[in-house]
Amino acid sequence: MRVGRAALLSVAVAAFLPVAAQAQAMLQPPPKAMPANPTVDQNDWYKTGIIYEVYPRSFADSNNDGIGDIQGIVKHLDYVQSLGIDAIWMTPMFPSPQADFGYDVADYDNVDPQFGTVADVDQLVAQGKGRGVKVLLDFVVNHTSDQHPWFQQSKSSRTNPYRDFYIWRDPKADGSPPNNWASIFGGSAWTLDPKTKQYYYHFFYPQQPDLNWRNPKVEKAMFDAAEWWLKRGVYGYRLDAVDTMFERTDLKDNTVYPGVDAFGVPNQDHVNNSKQPEVHTELQRLRQMVIDKYPGRILVGETWTSDASELVQYYGPRNNELQLPMFLNLISLPALTAPDLRQRITGVETNSVGGWPSFALSNHDSRRAASRYPLPAGASTDDWAKITGALLLTLRGTPVLYYGEELGMVNNDPQRIEDVQDVIGKKGWPKEKGRDGERTPMQWDASTNAGFNTGAKPWLPVAPDYKTRNVAAESADPHSVLNFYRTLIALRRTHPAMSGDWKAVDTDDKQVLAYQRSGGGKTVLVLLNLDSKPADVPIEKTDTMEIVRPLAINRALLISGSIHLDPLGVYVAEITR
Ligand code: GLC
Ligand code: CA
């Protein structure tokens, strides 16, 4: 049934609140300690949970060497708990030459000394457990480091037992690579090994050779690695780059399109080396043979899909694949508009029947949401942070927050190629500046280096706004982004409507994304003005609906019979129906 504007018009206002009270960023102070989550079934904890991505290199540097570490995370677990986080996803901290900052793993069963030790991870797991914070690790399934002993063996000779752990092919007759597949990190996806005179395949950097998942020994070795950490109490994995686990064995060329990528390579569609059907059968095996042996353990997917119908394939035919394939689609949109978001979210809602959705708006590979979109006149970065937070935290699916998103942290991009750390930024400059900007140190307080450490030069520069945009300052400011997030998180954890249905209302509105969450006999209305102009949502006073309680408001007022929303205005309220 289509719910038009009429439905929204008939929200009656029985109890008018003073305008001043409504203009507050929130109407009740956020709780100091978050209430316990109403977990229905222990194994379904992720459905009511919030996941928080921690990039260990950038979160907190406990030994003041400029690089964040696991003890730094342990020291800030109280903060993570106070935010109302149910699980952290820690990006790779395994031994690695750091060609791709940890996404080039040289040993799956260990910890890089620059981040700490296995004992530190054990401590993180134990101390997290005491605070209701589970630990998820990042499982880099597509490739290893070229320094991994498997690859060292593999490249040593054509007859080495590990040769078939990776994808080796003969050159073409003219000595060129076996086909036209390009690496998304620049150049050909094939690198010639001069000693054995074959090319090996790498979807990412040459230092990240792709594993050959068609070899049962690879599956066995990788499943063992996954289980190694589960036995230590880790609660599951965010699976890295799952799309690229398999490629066509006939090595069919990709179709080339006009134009070149940031690295000067002709654009191509990657259909023959990503999203192969075998990805799903393999992920289902990982789920069945490893994850399901340990109750409550989950798989979260780095699943870049063009739309919801593609996303649902990752749940598996019997919900036997990933519990949380992340809908990352919203991250890559050049703009957030009400009609587009409504259509995409409705797509996830209607397609993921039986599966549980998961949404993210920022991560370590994408510009931070607060600084991603143009600012409407009169609005600030804080307003973008608040409206994107309101969206993420009031949707039905599990939100995956990126560290600092709750502060409204912005990108701090390198200005000169000499300052770039991320290799894709060095290779693609200036078209591709790399991902340093979204990976800068967490902003804890106004002290040296934002409290990231005690004075050593951080691996990336702290963003210039850290004196005011930090945990300490924002905790003390009732109108801060952080306190807005705390209010929304508390709402998500306690309000019965927030564990219920999602339904778009006023489906023709071009400016305001409006939806209701309903459950436990209660309804919450969410109005998000994504337009660059103000919007007024009229209220019909005669109807039976009424606003019971405003819950989270920014740049919005209930006045003269309508809810007035400035550009990026947010109005979240409980209503009766
Ligand atoms: C994923 C990671 C990204 C990494 C790439 C290669 O996309 O999120 O950071 O560079 O995989 O491992
Ligand atoms: Ca350190």
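The structure under discussion appears in the preceding block.
All figures in this text were calculated on a predicted structure; none of them were measured in a lab.

A look at the coordination of the calcium ion (ligand 2)
Argument step 1. Distances from the calcium ion (ligand 2) to its protein donors, Asp61 (OD), Asn63 (OD1), Asp65 (OD), Ile67 (O) and Asp69 (OD), fall at 2.2 to 2.4 Å.
Argument step 2. Mapping the donors of the calcium ion (ligand 2) onto the primary sequence yields the spacing D-x1-N-x1-D-x1-I-x1-D. The same class applies to Asp61 and to Ile67, which are both buried.

Details of the sheet that holds strand 5 (residues 168-169)
Within a sheet, adjacent strands bond to each other through the backbone by hydrogen bonds, running parallel or antiparallel.
Argument step 1. As summarised here, the arrangement of the 3 strands in space is 5-7-6, forming an open sheet in which the pairing is antiparallel. The sheet is open, and its two edges are formed by strand 5 and strand 6 (190-193), each paired on a single side.
Argument step 2. Of the pairings in the sheet, the one linking strand 5 to strand 7 (residues 198-201) comprises 2 bridges and is antiparallel in character. Following the sheet pairing, Trp168 is matched in strand 7 by Tyr200.

A look at the environment of Asp109
Argument step 1. For Asp109, the position within the fold is in the loop between strand 3 (87-90) and helix 7 (118-130).
Argument step 2. According to the relative accessible area criterion, Asp109 is partly exposed, its value standing at 29%.
Argument step 3. For the pair Asp109 and Val121, spaced 12 residues apart in the sequence, the C-alpha separation amounts to 11 Å.

Quick notes on the sheet that holds strand 13 (residues 358-360)
Argument step 1. The sheet built from 8 strands is open, its strands ordered 12-11-8-4-3-2-14-13 with parallel pairing. Of all strands in the sheet, those with a lone pairing partner are strand 12 (324-325) and strand 13, marking the two edges.
Argument step 2. Sheet topology note: the strand 4 (residues 134-140)/strand 8 (residues 236-240) ladder contains 4 bridges and is parallel. By the bridge assignment for strand 8, Val140 is matched with Asp240.

Topic: helix 12 (residues 338-351)
Argument step 1. For helix 12, spanning 14 residues, the distance from its first C-alpha to its last is 20 Å, which sits close to the expected 20 Å at 1.5 Å a residue.
Argument step 2. Within helix 12, burial applies to Ala338, Asp340, Leu341, Arg342, Ile345, Gly347, Val348 and Glu349.
Argument step 3. Taken together, the buried residues of helix 12 touch helix 11 (308-311), strand 13, helix 13 (381-394), strand 15 (501-505) and strand 16 (512-519).

Considering the site of ligand 1
Argument step 1. Of all residues adjacent to ligand 1, which total 13 residues, the nearest are Asp100, Asp240, Glu302, His364 and Asp365.
Argument step 2. The side chain of Asp100 places a nitrogen or oxygen atom 2.5 Å from an oxygen atom of ligand 1.
Argument step 3. The separation between an oxygen atom of ligand 1 and a polar side-chain atom of Arg238 is 3.0 Å.
Argument step 4. Taken by itself ligand 1 offers 310 Å² of open surface, and the protein chains cover 96% of this.
Argument step 5. A class-by-class count of the residues in the shell around ligand 1 yields 3 nonpolar, 3 polar and 7 charged.

Rules of the game
- Residues numbered from 1 in each chain as written.
- Chains lettered and ligands numbered in written order.
- Predicted model: local features only at pLDDT ≥ 70, side-chain atom pairs only at ≥ 80, totals over all residues.
- Heavy atoms only, no water.
- Donors = N, O, S within 2.8 Å, 3.2 Å for Na, K, Ca; no water.
- Buried < 20%, exposed > 50% of the residue type's maximum accessible area, 1.4 Å probe, protein only.
- Pairing = 2+ DSSP bridges.
- Helix = DSSP H or I, 4+ residues; strand = E, 2+ residues; numbered from the N terminus.
- Expected span 1.5 Å × (residues − 1).
- Contact = heavy atoms within 4.5 Å.
- Near = heavy atom within 4 Å.
- Polar contact = N/O pair within 3.5 Å; in protein donor to acceptor, adjacent residues only side chain to side chain.
- Areas by Shrake-Rupley, 256 points an atom, 1.4 Å probe, with all protein chains shown as cover.
- Nonpolar A, V, L, I, M, F, W, Y, C, P; charged D, E, K, R; others polar.

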